[in-house]
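The primary structure of each chain is shown beneath.
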Amino acid sequence: MTEPFSQVELQLAARNHGMPLEALRYPVTPLGLHYLLIHYDIPDVDAESFRLEVDGHVERPLTLSLDDLRQQPSVELAVTMECAGNGRALFESRPVSQPWLNEALGTAAWAGTPLAPLLAEAGPKEGAVEVVFEGLDQGVEGGEEQTYARSLTLDDATQADVLLAYGMNGGPLLPQHGFPLRLVVPGWYGMTSVKWLRRITVVERPFHGFQQAQAYRFRRHEDDPGEPVTRILPRALMIPPGIAGFPGRERALAPGPTVLAGRAWSGWAEIERVEVAVDGDWRDAELDPPAGRWAWRGWHAEWDATPGEHVLSCRAHDAAGNSQPDQADWNVGGYSNNGIQTISVSVR
Ligand SMILES: Nc1nc2c(c(=O)[nH]1)N[C@H]1C(S)=C(S)[C@@H](COP(=O)(O)O)O[C@H]1N2
Ligand SMILES: [Mo]
């Protein structure tokens with residue numbers, strides 16, 4: 001069993017909600033059901049006076065209003081986003097942080113403009129190695145007063161699908177998702193997609209900000225510098241079948257033929273295979289048609305539910321050879337826990 005939850009964890013859980021797993025039904029997560037993760041406070045931004053600065057080691061620094069950004073070529077891209085801490089509360093011991101079970105995800109249709117052409121316009125100078133993305137939100141974390149910031153290598157930042165997004169699911173960005181502008185980096189854990197984006201700085205040396213060098217690293221023990229957390233490891237989740245109990249959410253299902261369904265995703269490569277198990281007996285699920293490289297893939301499997309207590313599970317495999325483990329490796333930050341989901345159902 002996991003350790004008891006603290007008041008601080010309760011406070012975080014009440015601020016940052018997950019996606020109810022029944023919302024796995026929707027290919028694009030309806031507004032308000034996408035998970036949220038906000039380290040500090042949601043900044044209040046005036047769209048009129050908002051400017052994005054592109055500066056640092058570049059030939060031509062840029063200052064762009066929202067209108068300037070909207071006049072750039074626009075694209076819409078369905079991207080599945082997942083918090084690196086998803087599954088943290090399922091580890092046996094965990095740091096005091098957002099206590100996710102496995103619902104820190106969502107898929108949005110992001111509208112925006114590709115970053116690469118804007119960076120090219122600014123013209124990184126010889127010797128540029130990374131790009132730092134800075135938000136407008138400030139807070140105190142790890143004893144450091146800071147502005148939320150993360151970097152990418154110049155190569156990762158200029159991938160074609162990296163977007164500066166100003167819209168979500170056909171409307172503007174909501175305040176909690178980064179209004180008026182955010183970065184969207186498909187395939188990477190959510191911390192990479194900096195919200196309330198106000199500055200993009202090209203730098204000559206790797207960035208050592210808190211969210212890069214201290215947080216978001218796989219550490220085996222406190223003194224381990226660890227490896228950076230980057231792309232999303234594969235995961236499959238199932239729409240919990242039947243009906244839920246309140247408040248314990250135990251599942252009850254009528255006997256007979258039923259369809260188990262859910263979605264699977266990976267930031268490393270396309271989903272190649274999803275398996276489902278009833279009481280530990282694994283078989284392949286059927287994959288639905290892909291909905292784009294960066295969106296989760298639907299899957300389903302038929303099950304003739306027999307009366308009694310059953311344990312259902314599912315697991316994903318991607319084309320790069322990554323599979324979900326029964327139990328993910330523990331790490332100090334509680335990141336990337338993609339151990340397989342299990343759901344108990346009572347068929348009656
Ligand atoms: N400026 C800023 N950007 C941020 C964060 C933040 O606290 N401040 N949280 C990050 C984390 S940890 C995640 S998982 C995603 C969550 O995005 P969402 O709330 O739109 O789902 O935003 C990322 N971008
Ligand atoms: Mo996150």
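Structure: see above.
Here's what I pulled together on the structure shown here. All values reported here derive from a predicted model rather than from experimental measurement.

Take the state of the cysteines next. As enumerated under the stated definition, the model contains zero disulfides in all. Cys 83 provides the cysteine sulfur closest to Cys 314, a residue in no disulfide bond, and the two sulfurs are 19 Å apart.

Pairing between strand 16 (residues 256-265) and strand 20 (residues 297-305): nine bridges, direction antiparallel. Directly across from Ala 261, in strand 20, lies its bridge partner His 300. As judged from the two bridges shared by strand 19 (residues 286-287) and strand 20, these two strands associate in the antiparallel manner. Its bridge partner lying in strand 20, Glu 286 is registered against His 300.

Below, the discussion takes up the pattern of salt bridges. A complete count under the given rule lists eight salt bridges for this structure. Its salt-bridge partner being Arg 220, residue Asp 224 comes within 3.1 Å of it at the nearest N-O pair. Asp 224 sits in the buried class, given a relative accessible area of 9%. Through salt bridges with shared partners, one network takes in Arg 273, Glu 275, Asp 284 and Arg 315.

All right, on to the environment of His 34 then. Its place among the elements puts His 34 in the loop between helix 1 (7-15) and strand 1 (52-56). Judged by relative accessible area, which is 2%, His 34 ranks as buried. Along the chain, His 34 and Arg 249 lie 215 residues apart, while their C-alpha atoms are 20 Å from each other. Not counting residues within four places of it along the chain, the set of residues in contact with His 34 comprises His 17, Thr 29, Met 81, Leu 105, Gly 106, Thr 107, Ala 108, Trp 110, Met 168 and His 177.

Here we come to the sheet that holds strand 21 (residues 308-318). The sheet built from six strands is open, its strands ordered 14-15-22-21-17-18 with mixed pairing. Lying at the two open borders of the sheet, with one neighbouring strand each, are strand 14 (243-244) and strand 18 (281-284). Pairing geometry for strand 14 and strand 15 (residues 251-253), over two bridges, is antiparallel. Opposite Ile 243, over in strand 15, you have Ala 252 as the bridge partner.

For the rest of this paragraph, the subject is the nonpolar core. Leu 52, Leu 115, Phe 133, Leu 164, Leu 197 and Ile 200 are the most contacted members of the largest nonpolar core, which totals 53 residues. The element that contributes the greatest number of residues to this core is helix 3 (residues 115-122), accounting for four residues. Grouped together as the second largest cluster of nonpolar side chains are 20 residues, Val 274, Val 278, Ile 343 and Val 345 included.

Within the span of helix 3, buried status applies to Leu 115, Leu 118, Leu 119 and Ala 122. Within helix 3, the buried residues cover an arc of 100 degrees as seen down the axis, which keeps them to one side. Phi turns positive one or two residues past the end of helix 3, at Gly 123, with a value near 75 degrees.

Looking at ligand 1, there are 19 residues lining it, with Tyr 35, Asp 137, His 177, Arg 182 and Lys 195 nearest. Interatomic distance of 2.6 Å between a side-chain N/O atom of His 177 and an oxygen atom of ligand 1. Contact distances for ligand 1 include 2.5 Å between an oxygen atom and a side-chain N or O atom of Lys 195. For the shell around ligand 1, a count of residues per class yields eleven nonpolar, five polar and three charged.

Scoring rules and cut-offs
Each chain carries its own residue numbering, running from 1 in the direction its sequence is written. Both sets of labels track the order of writing: A upward for chains, 1 upward for ligands. Thresholds applied to this predicted model are a pLDDT of at least 70 for local features of residues and 80 or more for the giving and counting of side-chain atom pairs; totals over whole chains, interfaces and linings are not thresholded and use all residues. Hydrogens and water are ignored here; the side-chain numbers use all heavy atoms of the structure. The rule for a disulfide is simple: a pair of cysteine sulfur atoms within 2.5 Å. For two strands to be treated as a pair, DSSP must find at least two bridges joining them. Each helix is a run of DSSP H or I of at least 4 residues and each strand a run of E of at least 2, with the numbering of both proceeding from the N terminus. Any Lys or Arg side-chain nitrogen located within 4 Å of an Asp or Glu carboxyl oxygen qualifies as a salt bridge. Each residue gets one of three labels from its accessible area relative to the maximum for its type: buried under 20%, exposed over 50%, partly exposed in between, using a 1.4 Å probe on protein chains only. Two residues form a contact once any of their heavy atoms are found within 4.5 Å. Joining through side-chain atoms within 4.5 Å is the link that ties buried Ala, Val, Leu, Ile, Met, Phe, Trp, Tyr and Cys residues into a set, and such a set is a nonpolar core. Arc definition: it is the arc formed by the directions from the helix axis to the C-beta atoms. Near is defined per residue: the residue qualifies when any heavy atom it owns lies within 4 Å of the molecule or strand. In protein, a polar contact means a hydrogen-donor-capable atom and an acceptor-capable atom, both N or O and within 3.5 Å, with residues adjacent in sequence counting only if both atoms are side-chain atoms; elsewhere, any N or O pair within 3.5 Å suffices. In this count, Pro and Cys sit with the nonpolar residues alongside Ala, Val, Leu, Ile, Met, Phe, Trp and Tyr, while Asp, Glu, Lys and Arg are called charged and the others, Gly among them, polar.

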